[in-house]
Amino acid sequence: MTIHEASARYNIPMEILKEYESWGLCGAVKRVMGVWQYDDTDIERLSLIMTLHDVGFESAEIETYMKLLLEQKGTEARRLRMLDRKRESTLDEIHFREKQLERLDYLRHHIRKQQEARQGG
């Protein structure tokens, strides 16, 4: 399947497909009459790439992760460390957002108390 067919069928943005090709990860991708052809292995890899994008990995991190994945042997610990770091930073962000919500709730509560005091008194 061509890059346009892969993009349309699997809803993969063209920039991700082009990025994938530029990383040289498309071992199974073949050129047929000057057009890249994707197979099922490529689609599986692209699905993982989309997942990594969705969880907040930057392009350079994804490229590193995917190259480690293709090396396979002995890269599990490095890939796991990458995932752990992303998880930790995501948790940090969640905690920060929770504190923001607490402050917003306090301010809302304070305004409501003022409204009640004016209405009741």
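To keep things clear, this report deals only with the structure shown in the data block. Computed from a prediction, not measured in an experiment: that's the story for all the values here.

Moving on, we come to the overall build of the protein. Check the secondary structure of the protein and you find five helices and two strands. Seen in sequence order, the protein has helices and strands lined up from the N terminus as α-α-β-β-α-α-α. Here the C-alpha radius of gyration of the protein, 23 Å, is well above what a compact globule of 121 residues would show, namely 14 Å. Within the protein, the proportion of its 121 residues that are buried is 27%. The long-range fraction of contacts in the protein, counting pairs at least 24 apart against all pairs at least 6 apart in sequence, stands at 43%. Once the 20 positive and 22 negative side-chain charges of the protein are each reduced to a mean point, those two points are 4 Å apart.

With that out of the way, let us pick up the nonpolar core. Counting 20 residues, the largest nonpolar core has Leu17, Tyr38, Leu46, Ile49 and Ile62 as the members making the most contacts within it. Sort the elements by how many residues they give to this core and helix H3 (residues 40-54) lands first, with five residues. Residues within four places of isoleucine 62 in sequence aside, it is in contact with Trp23, Ile49, Leu52, His53 and Phe57.

Turning to the pattern of salt bridges, a few remarks are in order. Under the definition given, this model contains four salt bridges. Notably, a salt bridge pairs glutamate 61 with lysine 86, separated by 3.8 Å at the nearest N-O pair. Of this pair, glutamate 61 sits in helix H4 (residues 59-71) while lysine 86 sits in helix H5 (residues 76-120), placing them 25 residues apart in sequence. When its relative accessible area of 16% is taken as the criterion, lysine 86 is described as buried. Where aspartate 105 meets arginine 108, a salt bridge forms, and the shortest distance between an N and an O atom there is 3.1 Å. Taken together, the residues aspartate 105 and arginine 108, both in helix H5 and three residues apart, mark about one turn of the helix.

With that settled, consider the packing of helix H2 (residues 14-22) against H3. Taken N-terminus to C-terminus, the directions of H2 and H3 make an angle of 115°; their axes are 11 Å apart at the nearest point. Classed by the angle they form, the pair H2 and H3 counts as roughly perpendicular. Once H2 is placed against H3, the crossing between them reads as right-handed. Facing Ile16, Leu17, Glu19 and Tyr20 of H2, the residues of H3 in contact are Asp42, Arg45, Leu46, Ile49, Met50 and His53.

Reading guide: rules and limits
Residues numbered from 1 in each chain as written. Predicted model: local features only at pLDDT ≥ 70, side-chain atom pairs only at ≥ 80, totals over all residues. Heavy atoms only, no water. Helix = DSSP H or I, 4+ residues; strand = E, 2+ residues; numbered from the N terminus. Rg over C-alpha atoms; globule rule 2.2 N^0.38 Å. Buried < 20%, exposed > 50% of the residue type's maximum accessible area, 1.4 Å probe, protein only. Contact = heavy atoms within 4.5 Å. Lys, Arg positive; Asp, Glu negative; His and termini not counted. Charge placed at Lys NZ, Arg CZ, Asp CG, Glu CD. Core = buried A, V, L, I, M, F, W, Y, C linked by side-chain atoms within 4.5 Å. Salt bridge = Lys/Arg side-chain N within 4 Å of Asp/Glu carboxyl O. Axes fitted to C-alpha atoms, helices over the stretch in contact; angles between N-to-C directions. Parallel < 35°, antiparallel > 145°, perpendicular 65-115°, else oblique. Left-handed = near helix turned anticlockwise from the far one by under 90°.

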